[in-house]
Amino acid sequence: MKGCLLLVAGLVAAMTSIVHAQAPASVTPENLVKAAKHAAGVDYAGTFLRICVAPDNLDGGAARGAAPPVARNVPERSLWYAKPYKVFDNLYFVGTKIHSSWALTTTAGIILIDTLFDYAIEPEIVDGVKTLGLDPRRIKYVLISHAHGDHDQGAALLQSRYGAKIVMGAADWDSTLQRPASAPGGVPKRDVVVGSEGTRITLGDTSVDVIATPGHTPGTLSYLFPVKDKGRPIVVAYAGGTAFNFPRRAENFATYRDSQRKFAAAAATAGATVVMSNHTEFDRAYDRVRIAQLPRSAAEKHPYETDAATVQRYFDMSADCAEAQRLSMQ
Ligand SMILES: [Zn+2]
C-alpha cells in the first residue's frame, strides 16, 4: 500500500514536471523586472525604482562606482541633521536624514553599525549617543557595511578615540588602506577582517551574524542581529549595500544576485521580520524612527516590523533586478 502511494505520488510529480516543461516561464529581463515590481509592492517601491528602473551604472556609472571617497563640501546642516532616537529596547538611531548609523546596546558595551560622512560623526554619533544617555566610550565594535565615505568616515575617529574595534570586509579593508592620510575622516588601522565565510561578533549578551554579501563593493557585509520591542525579540536583516554603482559588468551583477540569495536564505533561517538599510531612502528609516516614538496599542506592530514573507520579497526583488541587468547585457 505504501509502495502504491509512493508510485502515485511519483506519477503526479512526473506529470507536474511534464506540464511545467511544456510551458516554461521565459526568463527575460522584462519578465524579471515585472517579477521584481510585484515582489517590491509598496514595501520596497523606492529601492525598486533605484535598482530596477534606473540603475546608477546605466550611463557612466562605472566611473562613479570606482571613484574614491573624496572630500566633500559640508552640506547645510538643516539638510541632513537628524535628532537621535531610541527605536527598539536595545537599538538607537544616530544617523542623518539620509544615512543610517545605529547603536546596538549589549550587556558589555555598544556595537555601532555604520558611521556616516566625517562632518556628521561628532553631532550625530558622539553627541547623539550621549543625548540618548549612552556613553560613547562604551563603543566596543564598529561594523562597516562597506567602504564608501558615507558609511565609513567615522571609523578612524571611533578607533583612535575610544579604542573600538573596526570590522570590515577583506576587500574593503584593502581599498580603505590605500587612501591618503588626508582622506576625510582619516584612515583606520587594519583591525577585524571578514572574509567570504563571514563571522559572528559577540559582545556581552548579543551576537551579530556578519554575512559577506559582495556586490555593491567587493567587501560588502550584511548583518543579522536581535532587537527587542518592549521585551519581545525580533531579528533584523541589515542589507549592507544596495545600489548598482559598481562597474557595469555581467559578473558583477551575478555576484550581487548571488549575495542577495545567500542573505535571503540566512535571513529566513534566522526568522528575520525586519529589513534595514544604511540609506534612509531604502528602508524609510527617517520616517520609521520618528513613528516609533508615538504611542502604540498592544495590537499595533513596531513600524519597522513586517513578517518573514515580506523580508523575502525584498531579496526576491533585489536578486531579480540584478539578474535582469545581467541578462540584458548578453
Ligand atoms: Zn556605497
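About the criteria used
- Numbering of residues begins from 1 in every chain and follows the order in which that chain's sequence is written.
- Given that this is a predicted model, residues contribute local features only at a pLDDT of at least 70 and side-chain atom pairs are listed and counted only at 80 or more, while totals for whole chains, interfaces and linings are drawn from all residues.
- Side-chain numbers here rest on the full set of heavy atoms in the structure, without hydrogens or water.
- Here the term donor refers to an N, O or S atom within 2.8 Å of the metal (or 3.2 Å for Na, K and Ca), and because water is left out of the atoms, sites may appear incomplete.
- A pair of cysteine sulfur atoms is labelled a disulfide when the two atoms are within 2.5 Å.
- Runs of H or I in DSSP of at least four residues are treated as helices and runs of E of at least two as strands, each being numbered from the N terminus.
- Using a 1.4 Å probe on the protein chains alone, a residue whose accessible area is under 20% of its type maximum counts as buried, one over 50% counts as exposed, and one in between counts as partly exposed.
- Strands were regarded as paired on the criterion that DSSP finds at least two bridges between them.
- Orientation is described by lines fitted to C-alpha atoms, with helices fitted over the stretch in contact, and by angles between N-to-C directions that extend from 0 to 180 degrees.
- We call two residues contacting when some pair of their heavy atoms lies within 4.5 Å.
- Side-chain atoms within 4.5 Å are what join buried Ala, Val, Leu, Ile, Met, Phe, Trp, Tyr and Cys residues into a set we call a nonpolar core.
- Two N or O atoms form a polar contact when they lie within 3.5 Å of each other; inside protein one atom must be a possible hydrogen donor and the other a possible acceptor, and for residues adjacent in sequence the pair counts only when both atoms belong to side chains.

Draft legend 1. Seen up close, the coordination of the zinc ion. Taken together, the protein donors to the zinc ion comprise H146 (NE2), H148 (ND1) and H216 (NE2), at separations of 2.1 to 2.2 Å. Counting gaps between the donor residues of the zinc ion yields the pattern H-x1-H-x67-H.

Draft legend 2. Region of interest: the state of the cysteines. With the rule as written, the count across this model stands at one disulfide. Paired by a disulfide, C52 and C321 hold their sulfur atoms 2.2 Å apart. An S-S torsion of about -110° defines the bridge between C52 and C321 as left-handed. With a gap of 269 residues between them, C52 in helix α3 (residues 45-53) and C321 in helix α13 (residues 308-328) connect regions that are remote in the sequence. A relative accessible area of 0% means that C321 is categorised as buried.

Draft legend 3. Quick look at the sheet that holds strand β4 (residues 109-113). Here seven strands make up an open sheet; going across it, the order is β1-β2-β3-β4-β5-β6-β7 and the pairing mixed. Each having just a single partner strand, β1 (85-88) and β7 (192-194) make up the two edges of the open sheet. Strand-to-strand twist of the sheet, defined as the mean angle between neighbouring strand axes without regard to direction, takes the value 25°. Note that β1 and strand β2 (residues 91-93) share three bridges and pair antiparallel. If you follow Y85 over to β2, its bridge partner there is F93. Contacts between helix α8 (residues 155-162) and the sheet are confined to β4, β5 (139-143) and β6 (165-169), with β5 contributing the most and set at about 160° to the helix.

Draft legend 4. Looking closely at the nonpolar core. Of all hydrophobic cores here, the largest spans 33 residues; its most connected members are V87, W102, L143, Y223, F225, M276 and Y304. By size, the runner-up hydrophobic cluster in this structure holds 27 residues, among which are Y92, L112, V129 and L157.

Draft legend 5. Focus on the environment of P75. Mapped onto the secondary structure, P75 falls in the loop between α4 (61-66) and α5 (77-80). A relative accessible area of 25% places P75 in the partly exposed class. Contact partners of P75, with chain neighbours within four places excluded, come to W80 and Y119.

Draft legend 6. Region of the structure containing the side chain of R257. Tracing the chain through its elements places R257 in helix α10 (residues 250-270). A polar contact of 2.7 Å, which involves the side chain of R257, links it to the side chain of E323.

Draft legend 7. Structural context of the pairing of strand β3 (residues 102-106). In terms of burial, β3 is largely enclosed, as five of its five residues are buried. Here β3 shows a buried face lined by W102, L104 and T106 and a second buried face lined by A103 and T105. For β3 and β4, the ladder comprises five bridges, and the chain directions are antiparallel. Opposite T105, over in β4, you have I110 as the bridge partner. Hairpin geometry of β3 and β4 is characterised by an intervening segment of two residues between the two adjacent antiparallel strands.

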